[in-house]
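# Coordinates in review
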Amino acid sequence: MPTDTAASLQSAPPPAATPARHFTIRVPASTANLGPGFDVLGVALSLEMSVDVTVPDPDATPGTAGITISYDGDSAQSVPLEPSRNLVLRTAMEVAGSVGRTLPPSMRVRVRNPIPLGRGLGSSGAAVVAGIALANEALELGMDQQRVLDYALDIEGHPDNITASIMGGFVASYSREHQPLAAATTAAGPSQPQPQQPESPPTAAVEGLSLPFAAPPHGAGCHVRLPLSPRVRFVVAVPDFELATKVARAVLPASYSRRDVVFNLQRLAVLTAALSGGAARGVGGADLLDPLVVGEAMQDRVHQGYRQHLVPGLREALGLSGVSAHGGGGEGNGESNGVGLPGLLGVTISGAGPTVLALATDNFDAIGQALVGAFARQVGPDGRAIQAQYMVLDAHPTGLTVEVHTP
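A brief structural summary. Given the structure is predicted, the values throughout are model-derived calculations rather than measurements.

### A word on the sheet that holds strand 8 (residues 344–349)
If you walk across this open sheet you meet the 4 strands as 8-9-7-10, and the pairing is antiparallel. Only two strands of the sheet have a single neighbouring strand rather than two, namely strand 8 and strand 10 (388–393). Taking the axes of each pair of neighbouring strands and ignoring which way they run, one obtains an average angle of 20° across the sheet. Across 5 bridges, strand 7 (residues 233–239) lies against strand 9 (residues 356–360) in antiparallel orientation. Paired with arginine 233 across the strands is alanine 360, a residue of strand 9.

In structure tokens form, the structure reads like this:
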């Protein structure tokens, strides 16, 4: 009998190894606001962060666990590689914890990121979106784009950059204000029937974070995809200094005059129609994709003027299209749009800055050089002229993608 048992044990097949899963997440950079569309408008740009993930880590020693991260790209020396401090992995850990799960114990994560950090091109939003997508794919949570947006809104707090990075193209978006159930019950009165609320998964604390992260409500935001003329390209001048979004938002006032709000609303409506190109026409059938129309419609009284002191060179850059930081008009002369730059439609600060962005249909290199020159004429804290580089980008058509590689 013992012999039979031994024979039986010897003939049993070894346990099957867990097959490795390999996928790549791609998230584009983004620009936000475009002048009057503060916290509303966003455009995905043709500059992608990629996150390559293998589960489990094929290079790990058998029987060991751990997440290894490598990073190649902008500001590589300052990007933390510890999972609890790295924004991509920390976000993924938060999402996993929100549904009572943890990330797989063994993963290899390779991040390639050409998006400049802290420059107003949606680098943090892209990292957050990549982290949500990582958790979704690694744990097979089955999130659609809207659910990814729910999580991203809950983490980032404003919809413009992240909506563009998730959905792609030119988008307008807003966040819904969700009333707590207790407040909603009080407002409706005790005699009013209340809709049954879906049961929330348990809130889970995440290692390395001071607060637990709960799954956000469904439908936290709404967006629409706006038409954008294929003639429009984006020239971005990126200076050699960073500006934290928190700092740039802190200088904004708590309230605005009705006059300034109406000023922005008027221009926001015209700008979204004008950028569609042939989809909208002006008086007499004139093409609205015109530098005088777009340049004036990109004026703003909500954020740019208040941030001007944080971005040396912003006043000069905005002046290229005959517009001041405070929304005042300038001189214009048809196609040259104020200063002899054919093809220039308008100039704005990109997101919270300090990158300055020009919308253009032609003459892209000359426009980029003019933006770089606006920075070069300013002196930085080190007493030297501010250096900047420019890129010519297009709207990214698809936004977030996840490619699963088959063995």
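### Digging into the side chain of serine 276
Its place among the elements puts serine 276 in the loop between helix 8 (258–274) and helix 9 (291–297). Within the structure, the side chain of serine 276 is placed 2.5 Å from the backbone oxygen of alanine 273, a separation counted as a polar contact. If we skip the residues at most four places from it in the chain, serine 276 touches Pro227, Leu228 and Ser229.

### A look at helix 2 (residues 87–98)
Over its 12 residues, helix 2 extends 16 Å from the first C-alpha to the last, a length consistent with the 16 Å expected when each residue adds 1.5 Å. Helix 2 sits mainly inside the fold: 10 of its 12 residues count as buried. When we look at burial in helix 2, the residues that qualify are Val88, Leu89, Thr91, Ala92, Met93, Glu94, Val95, Ala96, Gly97 and Ser98. Capping the start of helix 2, asparagine 86 holds a side-chain oxygen 3.1 Å from the backbone nitrogen of valine 88, two or three residues further along. Phi turns positive one or two residues past the end of helix 2, at glycine 100, with a value near 70°.

Each value, and the rule that gives it
- Residues numbered from 1 in each chain as written.
- Predicted model: local features only at pLDDT ≥ 70, side-chain atom pairs only at ≥ 80, totals over all residues.
- Heavy atoms only, no water.
- Pairing = 2+ DSSP bridges.
- Helix = DSSP H or I, 4+ residues; strand = E, 2+ residues; numbered from the N terminus.
- Axes fitted to C-alpha atoms, helices over the stretch in contact; angles between N-to-C directions.
- Polar contact = N/O pair within 3.5 Å; in protein donor to acceptor, adjacent residues only side chain to side chain.
- Contact = heavy atoms within 4.5 Å.
- Expected span 1.5 Å × (residues − 1).
- Buried < 20%, exposed > 50% of the residue type's maximum accessible area, 1.4 Å probe, protein only.

No statement about biological role is implied by the geometric values presented.
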